[in-house]
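Remarks on the overall topology
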Amino acid sequence: SSQKAVLTTEDVKVTEDGKPVKNLSVLSSASASGIGTVLLIDSSNSMKGSIQSAMQAARAFAARNPGQPLSVVFFNSKPTVALPLTTDPKQVKAILAKAPKLGEGTRINDALVAAVAQVRGSALGAARIVLLTDGDDVGSTTSLDSALAQLDAQKIRVFTVGIRSPDFTSDDLQRIADETGGTYASATSPEALTKIYDELGFQLGNEYLLRYRSTAQ
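Heads up: these notes are all about the structure in this document. (Residues numbered from 1 in each chain as written. Predicted model: local features only at pLDDT ≥ 70, side-chain atom pairs only at ≥ 80, totals over all residues. Heavy atoms only, no water.)

With that settled, consider the packing of aromatic side chains. Going through the model one piece at a time under the given rule, you end up with one aromatic pair. Between phenylalanine 61 and tyrosine 197 the ring centres are 6.4 Å apart and the planes differ by 75 degrees, which places this aromatic pair in the edge-to-face class. On the criterion of sequence distance, the pair formed by phenylalanine 61 in helix H1 (residues 51–64) and tyrosine 197 in helix H6 (residues 193–205) is long-range, its members being 136 residues apart. For the pair phenylalanine 61 and tyrosine 197, one class covers both residues: buried. (Phe/Tyr/Trp six-rings, centres within 6.5 Å; stacked < 30°, edge-to-face > 60°. Helix = DSSP H or I, 4+ residues; strand = E, 2+ residues; numbered from the N terminus. Buried < 20%, exposed > 50% of the residue type's maximum accessible area, 1.4 Å probe, protein only.)

Pasting the structure below:
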């Protein structure tokens, strides 16, 4: 596995209007006020053959960055916040140790709004969502346009992962990723999920948030 770089203010030079900025801070993904992730995991009945692989993939993602702010939300006929944002690896491990109870419905748009609510009430400086589903939205009270508007207002990127199934088309997941600045990945089998999530965990774990006080009026 690749080594993770650690940046400090000595490594980063930031200027505004050609002048070095003052009071620059560099926050890694393992900082409570840095960059957090919400794992959105489809727990509809159609995930019966994939949910164990989905949980294994989620564990691989979390293992890449222990101590990062992480939230877990399962969704079917409604979103369920299984784990509010936390930096406690023990809580993360406990929630991801077993699969959720499955149910009817696939309310993707409503789940995205639930994830936005997690971020809106937090101290995070930035956030992203990793969304996994094997089907299209079924039953959401929120339109996709409304969900995208709320994501944009909070500047949240969404990295979407689709498991191919008879009920699945990639159009919405591709649009969500494109319009929020994330990426879309397609899993041809449940077993392919761990590699996708492991790579996402490495990529997102090597992001940093730079903060400084602007002199602009």
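Structure shown, so let's carry the discussion forward.
Once that is clear, we can look at the sheet that holds strand S5 (residues 70–75). Overall, mixed pairing links the six strands, which are arranged S6-S5-S4-S7-S8-S9 in an open sheet. In this open sheet, the two edge strands, each paired with only one partner strand, are strand S6 (79–86) and strand S9 (184–187). Sheet twist, expressed as the average angle between the axes of neighbouring strands with direction ignored, equals 15 degrees. As paired strands, strand S4 (residues 35–42) and strand S7 (residues 126–133) are joined by seven bridges and run parallel to one another. Considered in S7, the bridge of threonine 37 is made with arginine 128. H1 rests against S4, S5 and S7 of the sheet, and its axis sits at about 175 degrees to S4. Packed onto the sheet, helix H2 (residues 89–96) meets S5 and S6 and runs at close to 155 degrees relative to S6. (Pairing = 2+ DSSP bridges. Axes fitted to C-alpha atoms, helices over the stretch in contact; angles between N-to-C directions. Contact = heavy atoms within 4.5 Å.)

A rise of 1.5 Å per residue sets the reference length of helix H3 (residues 108–120), with its 13 residues, at 18 Å; its end C-alpha atoms lie 18 Å apart and thus fit the reference within 8%. The buried fraction of H3 amounts to eleven of the 13 residues, a majority that puts the element mostly inside the structure. All buried positions along H3 are accounted for by Ile108, Asn109, Asp110, Ala111, Leu112, Val113, Ala114, Ala115, Val116, Gln118 and Val119. (Expected span 1.5 Å × (residues − 1).)

By themselves, these observations are geometric and do not establish any function.
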